[in-house]
Amino acid sequence: MRPALVRVYALAATVYTAFASPALEHRASGICTLSASGSDDAPAFLASASDASCSTITIPSGTTLSIRSKMNMTGLTGKHINLQGTIKFNPDLDYWTDNAFTFDFQDQTAFWLLGGKNLLLDGGGTLDGSGQAWYDEFAKDDSVVRPILLTLFQATNVTVQNINMINGPEWINFVNEGQDVTFRNITISAVSTSKNAAKNTDGWDIFRSDNVVIEDSTINNGDDCVSFKPNSTNILVSNLSCNGSHGISVGSLGQYAGEYDIVQNVLATNIRMSNAQNGARIKAWAGKNVGSGIVKNITFTGFVETNVDNPVVIDQCYETSDSDCAKYPSNTYIQDIWFDDISGTSSGKEKAVVASLSCSPDGRCSNVNVNGITVTPPSKYGDASFECQNVELSGDDASLFGTCDTTD
Ligand SMILES: *[C@@H]1O[C@H](CO)[C@@H](O)[C@H](O)[C@H]1NC(C)=O
Ligand SMILES: *[C@@H]1O[C@H](CO)[C@@H](O)[C@H](O)[C@H]1NC(C)=O
Ligand SMILES: *[C@@H]1O[C@H](CO)[C@@H](O)[C@H](O)[C@H]1NC(C)=O
Ligand SMILES: *[C@@H]1O[C@H](CO)[C@@H](O)[C@H](O)[C@H]1NC(C)=O
Ligand SMILES: *[C@@H]1O[C@H](CO)[C@@H](O)[C@H](O)[C@H]1NC(C)=O
Ligand SMILES: *[C@@H]1O[C@H](CO)[C@@H](O)[C@H](O)[C@H]1NC(C)=O
Ligand SMILES: *[C@@H]1O[C@H](CO)[C@@H](O)[C@H](O)[C@H]1NC(C)=O
């Protein structure tokens, strides 16, 4: 046996140690292992990512990397990040406020951009966003911009699986300009331990991305469980348990004047939605000076809801007064929608109402199908009631809604 190969990279006073035993196996296996340096581990992590000889980057169980500077890890090819330990983003609010990556879209920022092709992030470990300091600061000053925990930027054929994501300061996962991306067996927990809620902690936001799968995951958070933002196409969301969220949401869309937003071919199936503001939801802007777009071929099926305020929702007058919505109907058309097999209980926040399908006038919502909506309100409100406005409804349960063609 030859002695273990130990490579030490001295980079801005940080080291990463890559070793294997014996030496030749290191080259053959391409495994590089990171250890905690005691200071910022971002430079070593970045160095391992750009080192062509590291096809696998291992963060061992028991190791916590401290990330104190932003990481642009885009343009990678064929890397496996085997995260058994923890990647923890240091809560230096001043640093991140000045230095995080920025996106024009909804003024988002990010700690870490991961992108490129044929990537795998797995290992059973944890991404920790140190969110509590952010939740507390945001409660004092809502102009604080909080970074996204994991951003897949220009990612193609990327799988993220068997990872825990905790304490994200704001959105947990952002898929921006991705293609063929899969998330599987992810556990998300964004919960505040103080009186200040973990706001805007969306589980996933998909944007300008095609062919995305999110499956077999558990989410405990304080905003959308999954949100399909502009230009999300061919999306499968399956077998999720969402707790405390704002639901599985299309949109909001058509917000920005001059922009055209598309959400098309989405299937959300086998979803357990508990203690949530919404279950299955589509929201689009109306009013003066907004954008336009299309929401087409969306199926929500097999939802089991518990204690949900608005179990089934279309709101095509999002953030718009009734009078403005009548005057300036939404330019985001909604077509070919299925709400099938939605069961469970509402919270009673909307009294007996368990489904509300509210569209702009003039046929902007068409071919909306309702089948097997059996959600019940708390018994004190009596039988479930169903509301609709300006929507062409079909399906077994269409008659529960009565006529939907009024314009008031
Ligand atoms: C990230 O790095 C790539 C080069 O690897 C560069 O082209 C790109 O502009 C960087 N992105 C940001 C946001 O810094
Ligand atoms: C996708 O990436 C995986 C590595 O995660 C690789 O094994 C597979 O061959 C890639 N698929 C394609 C079509 O390139
Ligand atoms: C899911 O991920 C956890 C680690 O977070 C792991 O222990 C478990 O084995 C994974 N489940 C499957 C089915 O791979
Ligand atoms: C659903 O996801 C859970 C993890 O949240 C997993 O344990 C279970 O096996 C999955 N069910 C199916 C049918 O894949
Ligand atoms: C689910 O969410 C509710 C409301 O946010 C919370 O009180 C409860 O502790 C959560 N349950 C679990 C299992 O985390
Ligand atoms: C969405 O895609 C359409 C068609 O390609 C394009 O015109 C539009 O600018 C895109 N919108 C966004 C927000 O990227
Ligand atoms: C509708 O979307 C589903 C994915 O949810 C897809 O399988 C199907 O082909 C789409 N239908 C049309 C007509 O594009």
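Residues numbered from 1 in each chain as written. Chains lettered and ligands numbered in written order. Predicted model: local features only at pLDDT ≥ 70, side-chain atom pairs only at ≥ 80, totals over all residues. Heavy atoms only, no water.

The protein is annotated in an unreviewed UniProt entry as galacturonan 1,4-alpha-galacturonidase of Lentinus tigrinus ALCF2SS1-6. Looking at the protein in UniProt, the text filed under Catalytic activity (unreviewed entry) is "[(1->4)-alpha-D-galacturonosyl](n) + H2O = alpha-D-galacturonate + [(1->4)-alpha-D-galacturonosyl](n-1)". (UniProt positions renumbered as here; feature names shortened; annotations may be inferred.)

Student: Explain the state of the cysteines to me, please; I cannot follow it from the model alone.
Tutor: Disulfides are covalent bonds that connect the sulfur atoms of two cysteines. Inspection of the entire model under this criterion finds 5 disulfides. Covalently, C317 is tied to C325 through a disulfide, its sulfur atoms 1.9 Å apart. On the sign convention where negative is left-handed, the bridge of C317 and C325, at about -70° about the S-S bond, is left-handed. Accessibility classification places C317 together with C325 in one group, the buried group. (Disulfide = S-S within 2.5 Å. Buried < 20%, exposed > 50% of the residue type's maximum accessible area, 1.4 Å probe, protein only.)

Student: Explain the site of ligand 2 to me, please; I cannot follow it from the model alone.
Tutor: Taken together, the residues surrounding ligand 2 are N118, L119, L120 and N157. Residue N118 places a side-chain N or O atom 3.4 Å away from an oxygen atom belonging to ligand 2. Here ligand 2 has 360 Å² of accessible area as a free molecule, and 35% of this is covered by the chains. With 3 residues, strand β11 (residues 112–122) is the largest single contributor of residues to the shell around ligand 2. Residues of the shell around ligand 2, tallied by class, amount to 2 nonpolar, 2 polar and no charged. (Near = heavy atom within 4 Å. Polar contact = N/O pair within 3.5 Å; in protein donor to acceptor, adjacent residues only side chain to side chain. Areas by Shrake-Rupley, 256 points an atom, 1.4 Å probe, with all protein chains shown as cover. Helix = DSSP H or I, 4+ residues; strand = E, 2+ residues; numbered from the N terminus. Nonpolar A, V, L, I, M, F, W, Y, C, P; charged D, E, K, R; others polar.)

Student: Can you walk me through the sheet that holds strand β9 (residues 101–103) in this structure?
Tutor: In any sheet, the strands associate via hydrogen bonds between backbone groups, in a parallel or an antiparallel arrangement. The strand order β9-β10-β13 describes an open sheet built from 3 strands, whose pairing is mixed. Two strands lie at the open edges of the sheet, namely β9 and β13 (147–148), each paired on one side alone. Summarising the sheet, β9 and strand β10 (residues 108–110) pair through 3 bridges and their orientation is antiparallel. Looking across to β10, one finds that F101 is bridged to A110. (Pairing = 2+ DSSP bridges.)

Student: Where do I start with the pattern of salt bridges in this structure?
Tutor: Scanning the entire structure with this criterion turns up 8 salt bridges. Between D205 and K229 there is a salt bridge, with the nearest N and O atoms lying 3.6 Å from each other. You can see D205 sitting in strand β17 (residues 204–207) and its partner K229 sitting in the loop between β19 (226–228) and β20 (232–243), a full 24 residues away along the chain. Grouping residues by exposure puts D205 and K229 together as buried. Here R281 makes a salt bridge to D224, at a shortest N to O gap of 3.0 Å. (Salt bridge = Lys/Arg side-chain N within 4 Å of Asp/Glu carboxyl O.)

Student: Which parts of the structure should I look at to understand the site of ligand 1?
Tutor: Close contacts around ligand 1 come from N72, T74, F101 and L113, and that covers them all. Within the side chain of N72, a nitrogen or oxygen atom sits 2.3 Å from an oxygen atom of ligand 1. Relative to its unbound accessible surface of 360 Å², ligand 1 loses 31% to contact with the protein. In the shell around ligand 1, the residues fall into 2 nonpolar, 2 polar and no charged.

Student: Whenever I open this one, the side chain of N221 confuses me. Can you help?
Tutor: Note that N221 resides in the loop between β18 (209–220) and β19. A polar atom in the side chain of N221 sits 3.3 Å from the backbone oxygen of D223. A polar contact is formed between the side chain of N221 and the backbone oxygen of D224, at a distance of 3.1 Å. Sequence-distant contacts of N221, that is, excluding residues within four places in its chain, are made with A190, T201, D202, G203, N243, G244 and S245. (Contact = heavy atoms within 4.5 Å.)

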